[in-house]
Amino acid sequence: MEFIRYIKLYMNRISFLIIAVLLCVSQLHAQNPWIVEADNIQPDNYYGVTVANGMLGLVSSPQPLKVSSVILAGSYDIYGRGRVSNFLNGFNMLNMQLSINGNSVNSNNITQFKQVLDMKQGIQTSSFMFKDEANVEYSYLAIRQLPFSAMLDVTITPLKDITITAANILETPEAFRDSKNFYNQINRKHVSIALLTSSAYSPTGKLNICASSSFIFPEKRGEEPQIIHSTPNCNNHSMKFTKELKAGVKYHFSLVGSTITSAYHPDPLNEVERLTIFARLEGNDRLLNKHREAWNKLWESDIVIEGDPVAQQDIHNMMYHLYSFVREGSALSISPMGLSGLGYNGHIFWDADTWMFPALLLLHPEMARSFVDYRFDRLEAAKKNAFEHGFRGAMYPWESSDSGFEETPVWALSGTFEHHISGCVALAAWNYYLVTKDKEWLKEKGFPIIRATADFWLDRVEKNEQGKYEIRNVVAADEWAENVDNDAFTNGVAQINLEVAANAAGILQEKVKKQWLEVAKNLMIHTFENGVTKEHKTYNGEGIKQADVNLLAYPLGIIQSPPQIKKDLEYYEVRVPEKDTPAMTQAIFSLLYARLGNKEKAYHFFKDAYVPNLNPPFRVIAETKGGTNPYFITGAGGILQTVMMGFGGLEITPAGIVQKKGSLPGHWKSLTIKGVGLEKKTFIVK
């Protein structure tokens, strides 16, 4: 009966995958590796795509000339879900309303509506026809070189003489309070600047949030359209202009906007206007050129797949979102949904350290540093968390925001018991050192994290009668296993944490605690009689939410024997449910099968990791099969690791980034991973 159940589960998964592949391929146009097109915009089945610059995220809308939401990284307040801090859905400073010949443009009176994501340039462009009167094209971008600024670029081509009225509407989000509206005009001989500005406070008053916008016109000073400001109520105001256009003569204008909170500046109201003025006077061409230059620089680190154009476009999509959600020098990390929305309250989990960080570390270590700097900046909070629970060292919270203290809603036991995250944080810090060999960073930031987390495990373990060490009462990496003893991944990552503490201390000529290696050597990991690694002490074959035991082979490297890796894979791959498992689980199965040389299973799980999770119209990844919560950047990070560390054979070692034997899917002709590490090396598998 057990065997039959597994066969049925496998056949169901294969059927689900075949259907998903057919549906997704039918939506895909000719596979330009950099362009995702959507020309069947259905508002009731639409999942927006994000353009972001690592600080500011703009999520697309199925409505013309709209942004559905604006997310500002690192800005939290307590409201809504779980009595804990949440990401703030910010001011929409680029909201536009367009009227042509007195008729307001909306989704019901336009045709040929198409949206295009240009991943190479980080720009989302839309176009439509309004009756027989005009073609309209517009683009949104979060300006890469200006972390708090964005731009809407509009071109109108009249098919006959028309009159347009364009209004920028700045509305205060419902959760904000004490809003104030301002309108200023700055006049100089060479320029006239109109500023539409709003200021409000977050729900508890913790943050002052401000936004500002300004039009950029092509006309010379004194010839530009007249701007009219109106304030219908205290939560809404706008500025608009009217312009007569001649048939066949294109008219191009832009709207720049900025938003910032008191989390980043002590005087956000004045600063947001300064930032908008700066963008306004940079001008459209300079803004676009510098933005494109910045994205071209990012794409010097790229993954090129020959022989599978669908996979190539999808991998670029994942890389694009990873690059979009990170900013060098920000000392911020990424939530599971990045800057695509308010999912998981915008909190930082092990997702960042274990799933996103390694992929980014290979491609852009200078950007990946923000993840580990984020953890260092919250080390003291982690030490206080350990103290509260009766432990020494540093105990990192399961969910973290700006403060570094625990932010998990109380009803989720993971916040109290999912302790493996401390080891994940330490491993990320160690891997950053292995890739960069930055001994100064290791001494200043990396080793303090690694040492404090290692000391936490010394207190967290319990010695049993056999002289072995146990870690009892945890929530496993497989979160369906609550309050269990000796979870395989928890004990495994604790072992690695203790070992790298000794290694880092040796490199820095610091004191090596004998207990670190004593405990690491004797931490218990259980097995069944047939040799399969047990997920935890009392595990007896139950279904699992996500990979746990298999993580001992990668990323931990504790299990290295191919027969043992294969045995564990075959046991656990059929215990994952069809729909409710996060995308990175199948990514790990794929990675390990690729390392074992099983191309068929590696490719099967590669596709199974994300294809059934894709949502229209931009193939954005949800957390689970059939899920509706994109963009799940955690899953994308896991899949990118599959490609680089599995198919590509790359590995982070004490010698730096090395390439072992890669194993490509049968129809892939070659895989090129370029711009890797500080030396920007190129690795090829054929």
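Residues numbered from 1 in each chain as written. Predicted model: local features only at pLDDT ≥ 70, side-chain atom pairs only at ≥ 80, totals over all residues. Heavy atoms only, no water.

Draft legend 1. Inspection of the overall build of the protein at higher detail. The helix and strand tally for the protein stands at 16 helices and 27 strands. Taken over the C-alpha trace, the protein has a radius of gyration of 26 Å; the compact-globule value for 686 residues is 26 Å, and the two agree within 12%. Based on the C-alpha atoms only, the size of the protein along its principal axes is roughly 85 × 50 × 45 Å. For the protein, with 686 residues in total, the buried portion stands at 62%. Long-range pairs, those at least 24 residues apart, make up 68% of the contacts in the protein with a sequence separation of at least 6. Total accessible area computed for the protein in this model is approximately 26,100 Å², and 50% of it derives from carbon and sulfur atoms. Distance between charge centroids for the protein: 4 Å, based on 68 positive and 72 negative side chains. (Helix = DSSP H or I, 4+ residues; strand = E, 2+ residues; numbered from the N terminus. Rg over C-alpha atoms; globule rule 2.2 N^0.38 Å. Buried < 20%, exposed > 50% of the residue type's maximum accessible area, 1.4 Å probe, protein only. Contact = heavy atoms within 4.5 Å. Areas by Shrake-Rupley, 256 points an atom, 1.4 Å probe, with all protein chains shown as cover. Lys, Arg positive; Asp, Glu negative; His and termini not counted. Charge placed at Lys NZ, Arg CZ, Asp CG, Glu CD.)

Draft legend 2. Inspection of the side chain of Asn522 at higher detail. One can find Asn522 in helix H12 (residues 514-522). A relative accessible area of 13% means that Asn522 is categorised as buried. A polar atom in the side chain of Asn522 sits 2.9 Å from the backbone oxygen of Glu518. Among residues more than four places away in sequence, those in contact with Asn522 are Gly467, Lys468 and Tyr469. (Polar contact = N/O pair within 3.5 Å; in protein donor to acceptor, adjacent residues only side chain to side chain.)

Draft legend 3. Region of interest: helix H16 (residues 633-647). Compared with the 21 Å implied by 1.5 Å per residue over 15 residues, the 20 Å span of H16 between its first and last C-alpha is a close match. Of all 15 residues making up H16, 15 are buried, and the element is well covered by its neighbours. Of the residues trailing H16, Gly649 is marked for its positive phi of about 75°. (Expected span 1.5 Å × (residues − 1).)

Draft legend 4. Local environment of the environment of Thr585. With respect to the helices and strands, Thr585 occurs in helix H14 (residues 584-596). The residues contacting Thr585, other than those within four sequence positions of it, are Lys545, Gln546, Ala547 and Val576. Within polar-contact distance, the side chain of Thr585 engages the side chain of Thr581 at 3.4 Å.

Draft legend 5. Fine view of the sheet that holds strand S16 (residues 228-233). Reading across from one edge, S7-S6-S12-S17-S16 is the order of the five strands in this open sheet, with antiparallel pairing throughout. Only two strands of the sheet have a single neighbouring strand rather than two, namely strand S7 (103-104) and S16. Relative to strand S17 (residues 236-245), strand S12 (residues 162-171) runs antiparallel, the two being bridged by 10 bridges. Across the sheet, Ala167 pairs through a bridge with Lys240, a residue of S17. (Pairing = 2+ DSSP bridges.)

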